[in-house]
Amino acid sequence: MEQQIKIAAFADIHVTQNDKGKWDQLFAEISENADVMIIAGDLTDTGDEHEAEILAESLRACRVPVVAVLGNHDYEKNKHKEIRAILQKTGVHLLDGEAVVIKGVGFAGVKGFGGGFGRYMLSMFGEPAMKAFVQETVDEVLKLDRALAALDKHEGELTTIAVMHYSPLADTIAGEPTEIFPFLGSSRLAEPLSRRQVDFVFHGHAHAGVLQGNLDKVTVYNVAYPVLKKQGYANGYLILDVPLRPPS
């Protein structure tokens with residue numbers, strides 16, 4: 001019989017300073033129904049460390065490992081380092097170019113960035129500001145590749161999951177205005193996912209997007225909280241049965 005673990009995933013919870021206790025019940029419920037919890041960015045609403053402290057307090061109700069990345073909202077006040085430190089003290093695996101192995105699954109995480117998709121991707125040409133925008137994406141791609149490479153030592157023994165905030169393909173942001181596609185993700189993020197044969201990707205950010213898309217053989221899920229609610233996930237999180245690789 002195939003072994004598997006249950007992954008609970010969501011993103012874009014945008015915790016505010018008025019959310020004290022709001023997420024306690026949800027995290028306790030997930031602890032009963034899943035083996036690992038993923039939060040794919042926008043953990044806070046305005047990037048305030050006090051919002052992170054409220055989230056950290058609620059995470060005490062969670063009794064399963066938590067894997068997370070930061071999102072654009074978490075950078076708003078340039079307090080992302082403080083937010084990271086606060087959440088790491090609770091035991092959250094807050095990934096930014098790093099990888100972690102939990103229960104036979106390898107998780108690699110980055111924030112990601114924008115830049116557009118396919119033949120409409122922005123190129124590193126023109127004004128310095130445009131070059132800097134594209135360079136930010138390239139830097140995130142390199143961090144993602146580094147994180148995935150750290151899992152290579154397991155030589156195919158792990159199911160591999162990438163967690164990011166921005167999308168690596170246009171399919172899961174369909175429904176958003178096309179004018180803002182370049183700010184929702186980039187095809188550049190897709191290259192290491194395909195080359196390193198990642199099994200699943202979870203992202204958020206695109207609140208009006210769709211739940212699922214496919215990148216070659218990689219299944220990509222947009223688990224933004226509003227998307228999940230719209231798709232009928234009443235409690236705002238996705239549960240996925242993730243198969244484990246059989247021992248070699």
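The structure presented is a predicted model; accordingly, all values stated were derived computationally and were not measured.

Participant: Whenever I open this one, helix H1 (residues 24-33) confuses me. Can you help?
Facilitator: Count 3.6 residues to each turn of an α-helix, and residues three or four apart come out pointing the same way. Of the positions making up H1, those classed as buried are Leu26, Phe27, Ile30 and Ser31. The buried residues of H1 occupy an angular sector of 140° when the element is viewed end-on, so they sit on one face. Seen from the open side of H1, the exposed residues pointing more than 90 degrees away from its buried face are Gln25 and Glu32.

Participant: Help me understand the layout of surface pockets, please; the structure alone is not making it clear to me.
Facilitator: Empty space among the atoms can be located by rolling a probe the size of a water molecule over them. By volume, the largest pocket is sized at about 190 Å³. The wall of the largest pocket is formed by 11 residues, among which Leu151, Asp152, Gly156, Thr160 and Arg196 lie closest to the centre.

Participant: Just checking my understanding: could you explain unusual backbone geometry for this structure?
Facilitator: Of note in this structure, histidine 14 is not a glycine but carries a positive phi near 50°. Take histidine 14: it is sitting in the loop between strand E1 (4-10) and H1. Here histidine 14 falls in the buried class, since its relative accessible area comes to 14%. The backbone of lysine 103 sits at a positive phi, close to 55°, despite the residue not being glycine. Along the chain, the position of lysine 103 falls in the loop between strand E5 (98-102) and strand E6 (105-109). Given the relative accessible area of 47%, lysine 103 is considered partly exposed.

Participant: When you look at the side chain of threonine 219 in this model, what are you seeing that I'm missing?
Facilitator: As for its placement among the helices and strands, threonine 219 is situated in strand E10 (residues 218-222). Assessed through its relative accessible area of 15%, threonine 219 is described here as buried. Aside from chain neighbours lying at most four places away, what touches threonine 219 is Asp199, Phe200, Val201, Gln212, Gly213 and Asn214.

Participant: Hey, could you run me through the packing of helix H2 (residues 49-58) against helix H3 (residues 80-88) in this one?
Facilitator: In a packed pair of helices, the relevant descriptors are the angle between the two axes and the axis-to-axis distance. Packing of H2 against H3 leaves a shortest axis separation of 9 Å and a crossing angle of 15°. One way to sum up the angle between H2 and H3 is to call them roughly parallel. Read as a crossing pair, H2 and H3 show a hand that is right-handed. Facing H2, whose interface residues are Glu49, Ala52, Glu53, Leu55 and Ala56, H3 presents Glu82, Ile83, Ile86 and Leu87. Residue composition of the contact of H2 with H3, by class: 6 nonpolar, no polar and 3 charged.

Participant: I keep staring at the pairing of E10 and nothing clicks. Help me out?
Facilitator: It is a general feature of regular strands that their side chains alternate between the two faces of the sheet. In terms of burial, E10 is a largely internal element, 5 of the 5 residues being buried. The sheet contact formed by strand E8 (residues 200-203) and E10 spans 4 bridges and is parallel. Each residue of the ladder has a partner; that of phenylalanine 200, found in E10, is threonine 219. Relative to E10, strand E9 (residues 212-215) runs antiparallel, the two sharing 4 bridges. Paired with glycine 213 across the bridge in E10 is valine 220.

Rules behind the numbers
- Residues numbered from 1 in each chain as written.
- Predicted model: local features only at pLDDT ≥ 70, side-chain atom pairs only at ≥ 80, totals over all residues.
- Heavy atoms only, no water.
- Buried < 20%, exposed > 50% of the residue type's maximum accessible area, 1.4 Å probe, protein only.
- Helix = DSSP H or I, 4+ residues; strand = E, 2+ residues; numbered from the N terminus.
- Arc of directions from axis to C-beta.
- 1 Å grid on protein atoms, 1.4 Å probe; cavity = no way out; pocket = protein on both sides within 12 Å on 5 of 7 lines; lining within 4 Å.
- Points joined across faces, edges and corners; volume = space filled by probe spheres on them.
- Contact = heavy atoms within 4.5 Å.
- Axes fitted to C-alpha atoms, helices over the stretch in contact; angles between N-to-C directions.
- Parallel < 35°, antiparallel > 145°, perpendicular 65-115°, else oblique.
- Left-handed = near helix turned anticlockwise from the far one by under 90°.
- Nonpolar A, V, L, I, M, F, W, Y, C, P; charged D, E, K, R; others polar.
- Pairing = 2+ DSSP bridges.

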